[in-house]
Amino acid sequence: MMLEVRIVALAPIWALLAAVAVVLLMLVAAELMRRSVPRAAIRSVAALGVAGAAAGAIPGLFPSAPGGGDRGALCAPDHGCLYAVGPEQAVLQLLALGVLAVVAVALGAAASPPAVRHRTPSSTGVNRTLHEGARTILQLFAAVGAVTAPAARDVLSLVLALNLTLISVTVILVEPAAGHRHGDRRARLLPLAAVSTALTLVGAALWIAATGTPFLGSPMVSTSAQGSPVAGATEAVLNGSVPSGALLVTAAVLIIAGALAGFVLAPIHGWTPRAGAAVQTAISSPKGGHILVLLPVLATAGVALVLTDALARFGAPPLTPVAVIALVILLGAGVMALRQRDLHRLVGYSTALQAGWVLLPLAAVGASSGASAVSHLSLVIVATVLVTIVVIGTATATGSADLGEHHDLIRRQPALGVALGVGLLTLAGLPPAVAGVLAKMLVLQPVVDAGLWWILAAAALGYALTAAVYLRWLMVTITSRPGPGAPTPIGLSWPQWLVVILAAAALVLGSVFPVWVW
Amino acid sequence: MNIPEYLWIPLAIGLPVLTGIALLAADLTARHRRPDDSNAPARRWSVLGSALAIATAALTLAASIGAAITQVSLDLSWIPAIGVRFHLGVDSLSAALVVTAATAGLVAVAVSSAREDTDTPSAHPAPEPPAARSGRGAVRQHGWILLAIGAGLIALMARDAVVLVIALQSTLLALWALTHGTSRADDAVNPATRFILVTTAGSALIFGGVIARATQTGTTDLTAWATAGDTAGTQWPLALVLLIGLGTMVPLWPLHTWAPALHSRASTGGSVLIVGVLATVAVHALLRLVVAALPHGLSTLAPILGGLAVVGVIWAGLIALIERDLARVVAWVSIAHLGLILLALSTGTATGLQIALLGTVAHAAILTLLVTVTGELTRQWGSSDLATARAALREVAPRLGFVFILAVAAAIGLPGLAGFWTEFGAIVSSWSPAADRAEGWFRLFAVLAALGAVLLVCVGVRVLREVWSGDRNRPALTDLGRRGLSSTAVLVLLAILVVAIGVYPIPLLDLTSDAVDILLGGRP
């Protein structure tokens, strides 16, 4: 089998990998020469890698642009490409890179390496370099996974990319911070990651067993690939001429469920308090866990997008179990979020809740599933980044992450309060954040198209619950603080302000001119 | 001055929305903390805000009347990717409703300001004055009222389904923001929270129905929906989803649970908006999205809708007989009227639809009057509890008492007043429904509706006996004419409207006969 590589199309991945290699070389040099490397140098290399990857991903947004052409790579004549990027995939890739950039820029100070106690100053410097470098490499790896997942067109690469992200982020979160007593509890994240890996691998194996091939076929070559071994096998399975259609659906469900098990489902592990506490501690870690956790969310969405896209092209029925999981996540996380007073946990549950919304259209396996899920996800990512930065700023400035710290925020600090309000209304899907309303409407479109009225009914409850979660928060920001004592003002660093302003501007523009709907 | 026609719609929606935003922004940035009498600048600012709000609401009403007379439209491209246009217009279906909502909006602003003008400590201070009634919230309250009016007018003028649902949801949110601060410590659930939860779930169902219809027809244009030919089989699930969704907002029994609690807590302005703007907007949305766009689907579901509506009338009548809180009684009366309107609407006849439209206008006028009068009484009494012994209205405040009698008489459907046409028309149209409706069921509904009308009379008699008649003359009340000019003017204006619609409904019926052609789309 001859593979045509097409190295330009793979630019987002090799740019990140090149950055990993350079950072690795720096670390080796530092260790050999026992000298520290300036933090700025490592960050610059990472930033260059991310910028290069973003530049490489942008052409994917314009499938018909000159020079863009067919954004496929590693293509074999009979099987289609192993890597293919359309506008939806490119959006997911750019979002992942944007998330990484926010973690690096806005949380630079918060994400600084822990002060490790060592005997000599020089060894402290080297160790700092090693810590910084290791974390940077892990972050870059997480991004590699999140960038690869939506573009992968064979089930093995898909699962590998997903696990690369899951495990990298898990390791970053588990790494104990100095003086942080929850290190041991966060270590319990590792078994969760293992469960994820196991489920996804079993799913991949079932997929191969059902279709006889790991290839999924790429959307761009689906017409020319009719009659190819991939299309033939998958069609045969779904037509019922090969009796493993149920196996195929099970495989897809296992992979998606496995992807969710690591992070998104975690906050509703209320009945397994240990695991739940571990994840909650991890995502409320001061290292920007909430924002980092968006990378696995993006990778998961990418995986679900690829799988449902493959299933939809061959006319598979809706993935009812995935819809049920999505509703359980949505309603469960919503109920839990309503009870939270801790802002970190509130954001954690909010992310899980929104992941439920993103999964709903994908579970319906329709022609518009991918587009509506990606539209919704893009807004959720931008709004969550905004809200999280405000929460991190609150926790840093006041030393407390209690919801009460936001009392009367809209009056005390109107700019910040209004920005937070825009983020919350977008997440809630309520006007005047028209972008959020349209996103919630688009999410329901594939569900309605598939005639899944019972899901629509449950989603209506979910919408009310979602509104309640964010309106409760919003209500705090517009009501006065009960009891005496002046609240502490919330201060943000200038990069954090920059991110907040950019995100709020994007959401407002998206509401006035909803051109992002495609 | 000659104002070009095309400016009416931008003025009617732009004025309240922009002034509302400006007032809210000003309230946000104002540094005042205690705008009591010792804080003169804040007090002055509050009065200035009230004046600005009243002027805006009055101009909005004028622009709405202009738009209703000229029946203009405004059509801008908005989301080309999915073919959604920012298309607003006034036709004979929405003309009367637009003016009704704008009038109710003006009343809501005026009664909120009237409270501010005379909010001096009286001999009967309210035991638990809700936060929104304090001076500090006045500017904010006006801001939210204006936003609710603007969003409501957009919803009434919308010719595009997506614009309509977004405007509808915006109206709900503005009402929530207006009322959420008025709950009391002993409320198990904040009534405003219950309201927004129930109606937001309804919104999601409306989203689903709108999307499904847009997928079926390939457009979100409401005019195209009305002319799309398809069968009952594809229409009834959508009609069901939309009816449930809109039923939470009208409200239709048994989705009405938020209404009595919210009325008992909301400020007078908030209550006026609920009966005058929200109900009007919701009935209009029902006419556009279901009656006009899904006639076959509605035909299938009509017996269920009619049945629920008539159960609502009787249910509301029975509970209002034993309710102890005057504000809740008013809420039940509103639910009963809306039940009659929905019954008329479900009959599918030209008469029924005309009565539904006329009834919506009448409901807004009567209930706005009733809410304003009871709001005034509640303010003077300090609570709306009917069990407390009070002075008889006819003894201590005869003019206010007269307006109260007029409002109650209109509410119970006395001939010559606006409410009569709703009751009489609903029963008549239900007795002879359209050919594709189940006649037996609708005749039963007509009988039950007549029973409901009798119950309403009993409610009216009970309320008059407890509030108006008697010979106690303590504690004293301030009569009409001795208070602020605006509240007297508002009550007189509403009383004239209620009598005018009752005595001479012909212009409204003429207007609505054109509207019925739109709704029936040329069908018999």
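In what follows, the accompanying structure is described. (Residues numbered from 1 in each chain as written. Chains lettered and ligands numbered in written order. Predicted model: local features only at pLDDT ≥ 70, side-chain atom pairs only at ≥ 80, totals over all residues. Heavy atoms only, no water.)

1. Focus: the packing of helix 1 (residues 11-33) of chain A against helix 2 (residues 39-57) of chain A
Residues and elements named next belong to chain A.
Logical step 1: Running from N to C, helix 1 and helix 2 cross one another at 170°; their axes reach a closest spacing of 7 Å. For the element pair helix 1 / helix 2, the angle class is roughly antiparallel. Where helix 1 approaches helix 2, its residues A11, P12, A15, L16, A19, V22, V23 and M26 are matched on the opposing element by A41, I42, V45, G49, V50, G52, A53, G56 and A57.
Logical step 2: Its residues assigned to classes, the contact of helix 1 with helix 2 shows 14 nonpolar, three polar and no charged. (Axes fitted to C-alpha atoms, helices over the stretch in contact; angles between N-to-C directions. Helix = DSSP H or I, 4+ residues; strand = E, 2+ residues; numbered from the N terminus. Parallel < 35°, antiparallel > 145°, perpendicular 65-115°, else oblique. Contact = heavy atoms within 4.5 Å. Nonpolar A, V, L, I, M, F, W, Y, C, P; charged D, E, K, R; others polar.)

2. Side note on the interface of chain B and chain A
Logical step 1: Chain B puts 35 residues into the contact, and the matching count from chain A is 34 residues.
Logical step 2: Carbon and sulfur atoms make up 78% of the area that chain B and chain A hide from each other, which totals about 3100 Å².
Logical step 3: Of all residues in chain B, L28, F207 and I211 of chain B give up the largest surface area on contact with chain A, accounting jointly for 19% of the area buried on that side.
Logical step 4: Here D27 of chain B ties to R411 of chain A by a salt bridge, and the two come within 3.3 Å at their closest N and O atoms.
Logical step 5: Linking chain B with chain A are two residue pairs in polar contact (both at pLDDT 80 or more), by the criterion used here.
Logical step 6: Those elements giving two or more residues to the side of chain B that touches chain A turn out to be helix 1 (8-29), strand 1 (73-79), helix 5 (161-179), helix 6 (191-217) and helix 8 (232-247) of chain B. (Buried area = accessible area lost by both parts, 1.4 Å probe. Salt bridge = Lys/Arg side-chain N within 4 Å of Asp/Glu carboxyl O. Polar contact = N/O pair within 3.5 Å; in protein donor to acceptor, adjacent residues only side chain to side chain.)

3. Some thoughts on the packing of helix 17 (residues 414-428) of chain A against helix 19 (residues 453-478) of chain A
Residue and element names in this part refer to chain A.
Logical step 1: Direction vectors running N to C along helix 17 and helix 19 enclose 170°, while the axes themselves pass 8 Å from each other. The angle between helix 17 and helix 19 places the two elements in the roughly antiparallel class. As helix 17 runs across helix 19, the sense of the crossing is left-handed. From helix 17, L420, G421, L424, L425, L427 and A428 reach across to helix 19, where they touch Y463, T466, A467, Y470, W473, L474 and T477.
Logical step 2: Looking at the contact of helix 17 with helix 19 residue by residue, the classes come out as 10 nonpolar, three polar and no charged. (Left-handed = near helix turned anticlockwise from the far one by under 90°.)

4. Description of the side chain of T372 of chain B
Residue and element names in this part refer to chain B.
Logical step 1: Tracing the backbone through its elements, the reader meets T372 in helix 13 (residues 350-381).
Logical step 2: The buried category is assigned to T372, whose relative accessible area is 6%.
Logical step 3: Those residues in contact with T372, other than ones at most four positions away along the chain, are V107, V111, T268, V272, V490, L491 and L494. (Buried < 20%, exposed > 50% of the residue type's maximum accessible area, 1.4 Å probe, protein only.)

5. Let's talk about helix 2 of chain A
Logical step 1: End to end, helix 2 of chain A covers 27 Å across 19 residues, agreeing with the expected 27 Å (1.5 Å per residue, within 8%).
Logical step 2: All of the buried residues in helix 2 of chain A are I42, V45, A46, G49, V50, A53, A54, G56 and A57 of chain A. (Expected span 1.5 Å × (residues − 1).)

6. Quick look at the pairing of strand 1 of chain B
All names here are of chain B.
Logical step 1: Relative to strand 2 (residues 84-89), strand 1 runs antiparallel, the two being bridged by six bridges. Pairing of I79 across the sheet is with V84, part of strand 2.
Logical step 2: The hairpin formed by strand 1 and strand 2 contains four residues between the paired strands, and G83 there has a positive phi angle of roughly 70°. (Pairing = 2+ DSSP bridges.)

7. Quick notes on the pattern of salt bridges
Logical step 1: Applying the stated criterion across every chain, the model contains 12 salt bridges over all chains.
Logical step 2: R324 of chain B is the partner of D385 of chain B in a salt bridge, and the nearest nitrogen-oxygen pair spans 3.3 Å. Here D385 of chain B, found in the loop between helix 13 and helix 14 (393-396), pairs with R324 of chain B, found in the loop between helix 11 (295-322) and helix 12 (326-346); they are 61 residues apart in sequence, far enough to count as distant.
Logical step 3: Via salt bridges that share partners, D408 and R411 of chain A together with D27 and R140 of chain B belong to a single interconnected network.

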